[in-house]
Amino acid sequence: MHHGWIVAGKSGIGKSDFAKAAARELVVGDAAGHPPGEHPDIITLTYGPKDKKAEKAAAEGKPFDRARSIRIDQIRTMQRRLTTRPTLGERRVVIVDPADDMETGGSNALLKSLEEPPAGTYFILVAHRPARLLPTIRSRCRMLRIPTLSDAQIDHMLGEADAAASDDARAAAVRAADGSFGTALRFLEQDLAPISGLIRNLIARGDTKMALRGELAKLIGPRADRDRMAAVMELAQGIVAEAARSAADNAQRARLSETHVQLVALSRDMPRYNFDGGLLSLEIGTLLTRAAPASEHAHG
């Protein structure tokens, strides 16, 4: 079996769960004597503590703020572990989740391990946006793309999850999911149905008097946390992408495509900005107005 795999696909379709199950199958299989739950030969790298204060809180078992990237020191700590033999068997698996959020230095460090992997070591890189990975990393791994889910599957899974929602809200969640169960679940948890309707109005009608943008900021909330803002940003991108795919003419499709590009850029840059939910809500609304016919400039 090849030593390096990229598990790619939309956020919220189960890539992390698949990676964990695949890793356990590799290191355990049918062998006896392996502990249930966390396994010493499965190393998972994901967002760590944000700073020293967060590290202290994590060590004490308290809630802590997470970093917005996977850092080079995490990669190097993992590499030091690879100099020893696996604890319980002949195989070890390293999961990087999400690999497309590694720091540049971390990506370069990981590349060295992918070029010369220790015997019995496998790498599973979970990626929402595999194009953001270094080309040299992609060239040393095999790609496994996880398909999106059908609307019927998502609706069934919402029922199994016992997601409390009205029939209309659940139908709106399925529509907004665009094949991702995680997106549908966040839609219901964050009560995004009213925001979804407002976003569709903004890209269809524009907002010459700022009324709809003000309403959007109000619905999102003046003290919205990062998780809520991320869910709104994901929803906005999905609605704009859906509208672009069904656009009636090239000019409309071009406006929607440009709006989608700018929303993706804002989503990427959001963690690096001095976080202000109110201002960010207005910026999202202003970008959405660009997609409307006879729209104003995004910043004017």
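Residues numbered from 1 in each chain as written. Predicted model: local features only at pLDDT ≥ 70, side-chain atom pairs only at ≥ 80, totals over all residues. Heavy atoms only, no water.

1. Here we look at the pattern of salt bridges
(1) Moving on: The final tally for this structure, using the stated rule, is 14 salt bridges.
(2) Moving on: Salt-bridge contacts for Glu 234 lead to Arg 186; the nearest nitrogen and oxygen are separated by 3.0 Å. Here Glu 234 is found in helix H11 (residues 226–245), whereas its partner Arg 186 is found in helix H8 (residues 181–189), with 48 residues between them in sequence.
(3) Moving on: Arg 200 is the partner of Glu 242 in a salt bridge, and the nearest nitrogen-oxygen pair spans 3.4 Å. Note that Glu 242 is positioned in helix H11 and Arg 200 in helix H9 (residues 193–205), a separation of 42 residues in sequence. (Salt bridge = Lys/Arg side-chain N within 4 Å of Asp/Glu carboxyl O. Helix = DSSP H or I, 4+ residues; strand = E, 2+ residues; numbered from the N terminus.)

2. A look at the layout of surface pockets
(1) Moving on: Approximately 310 Å³ is the volume found for the second largest pocket.
(2) Moving on: Elements that contribute at least two residues to the lining of the second largest pocket include exactly strand S2 (42–45), helix H2 (52–59) and helix H3 (72–81). (1 Å grid on protein atoms, 1.4 Å probe; cavity = no way out; pocket = protein on both sides within 12 Å on 5 of 7 lines; lining within 4 Å. Points joined across faces, edges and corners; volume = space filled by probe spheres on them.)

3. A look at the confidence of the model for the chain
(1) Moving on: For the chain, the mean per-residue pLDDT works out to 89, and 95% of the residues sit at or above 70.
(2) Moving on: At the level of individual helices and strands, the chain shows its lowest average pLDDT in helix H13 (residues 277–289), which scores 86, and its highest in strand S1 (residues 4–8), which scores 98.
(3) Moving on: Segment residues 296–300: pLDDT under 50, and 12 contacts once partners within four positions in sequence are set aside and those in other chains are kept. (pLDDT = per-residue confidence, 0-100. Contact = heavy atoms within 4.5 Å.)

4. Digging into the nonpolar core
(1) Moving on: Counting 42 residues, the largest nonpolar core has Leu 158, Ile 284 and Leu 288 as the members making the most contacts within it.
(2) Moving on: Listed by contribution, the elements that provide at least two residues to this core are helix H6 (151–160), helix H7 (167–177), H8, H9, helix H10 (211–220), H11, helix H12 (250–269) and H13.
(3) Moving on: For this core, the element with the highest residue contribution is H11, accounting for 10 residues.
(4) Moving on: Ile 284 has contacts with Leu 216, Met 229, Val 232, Met 233, Ala 236, Leu 263 and Leu 266, leaving out every residue within four places of it along the chain.
(5) Moving on: Judged by nonpolar contacts, the second largest core, of 22 residues, contains Leu 82, Ala 109, Ile 137 and Cys 141. (Core = buried A, V, L, I, M, F, W, Y, C linked by side-chain atoms within 4.5 Å. Buried < 20%, exposed > 50% of the residue type's maximum accessible area, 1.4 Å probe, protein only.)

5. Focus: the packing of H11 against H12
(1) Moving on: Interhelical geometry of H11 versus H12 gives an angle of 160° and a closest axis separation of 9 Å. Judged on the interaxial angle alone, H12 and H11 are roughly antiparallel. The hand of the H11/H12 crossing is left-handed. Residues Met 233, Ala 236, Gln 237, Val 240, Ala 241, Ala 243 and Ala 244 of H11 form the contact with H12, whose participating residues are Arg 253, Leu 256, Ser 257, Thr 259, His 260, Leu 263, Val 264, Leu 266 and Ser 267.
(2) Moving on: In terms of residue class, the contact of H11 with H12 is made up of 10 nonpolar, 5 polar and 1 charged. (Axes fitted to C-alpha atoms, helices over the stretch in contact; angles between N-to-C directions. Parallel < 35°, antiparallel > 145°, perpendicular 65-115°, else oblique. Left-handed = near helix turned anticlockwise from the far one by under 90°. Nonpolar A, V, L, I, M, F, W, Y, C, P; charged D, E, K, R; others polar.)

6. Some points on the pairing of strand S3 (residues 92–96)
(1) Moving on: In terms of residue burial, S3 counts as a mostly covered element, since 5 of its 5 residues are buried.
(2) Moving on: Every second residue of S3 is oriented toward a common face, with Arg 92, Val 94 and Val 96 on one face and Val 93 and Ile 95 on the other, all of them buried.
(3) Moving on: In this sheet, S3 lies alongside S2 in parallel orientation, the contact comprising 4 bridges. Looking at S3, one finds that Thr 44 is bridged to Ile 95.
(4) Moving on: Sheet topology note: the S3/strand S4 (residues 121–127) ladder contains 5 bridges and is parallel. Bridged to Val 94 within S4 is Phe 123. (Pairing = 2+ DSSP bridges.)

7. Section: H11
(1) Moving on: Spanning 20 residues, H11 covers 29 Å between terminal C-alpha atoms, matching the ideal 28 Å at 1.5 Å per step.
(2) Moving on: When you tally the buried positions in H11, you get 14 out of 20 residues, the bulk of the element.
(3) Moving on: Its side-chain oxygen placed 3.3 Å from the backbone nitrogen of Asp 227, Asp 225 serves as the N-cap of H11. (Expected span 1.5 Å × (residues − 1). Polar contact = N/O pair within 3.5 Å; in protein donor to acceptor, adjacent residues only side chain to side chain.)

8. A short note on the sheet that holds S1
(1) Moving on: Taken together, 5 strands build an open sheet; the order of strands is S2-S3-S4-S1-S5 and the sheet is parallel. At either end of the open sheet lies a strand with only one pairing partner, and these are S2 and strand S5 (142–145). The average angle at which neighbouring strand axes cross in this sheet is 20°, direction not considered.
(2) Moving on: Against the sheet, helix H1 (residues 15–27) touches S1, S2, S3, S4 and S5, its axis set at about 175° to S4.
(3) Moving on: The strands that helix H4 (residues 104–115) touches are S3 and S4; relative to S4, the one it contacts most, it runs at about 140°.

9. Points about empty space enclosed by the protein
(1) Moving on: Summed over all chains, the structure comprises 1 cavity of 30 Å³ or more.
(2) Moving on: In this structure, the largest cavity occupies an estimated 40 Å³ of space.
(3) Moving on: Every residue lining the largest cavity is listed: Thr 183, Arg 186, Phe 187, Leu 192, Ala 231, Glu 234 and Leu 235.
(4) Moving on: Every element with two or more residues in the lining of the largest cavity is listed here: H8 and H11.

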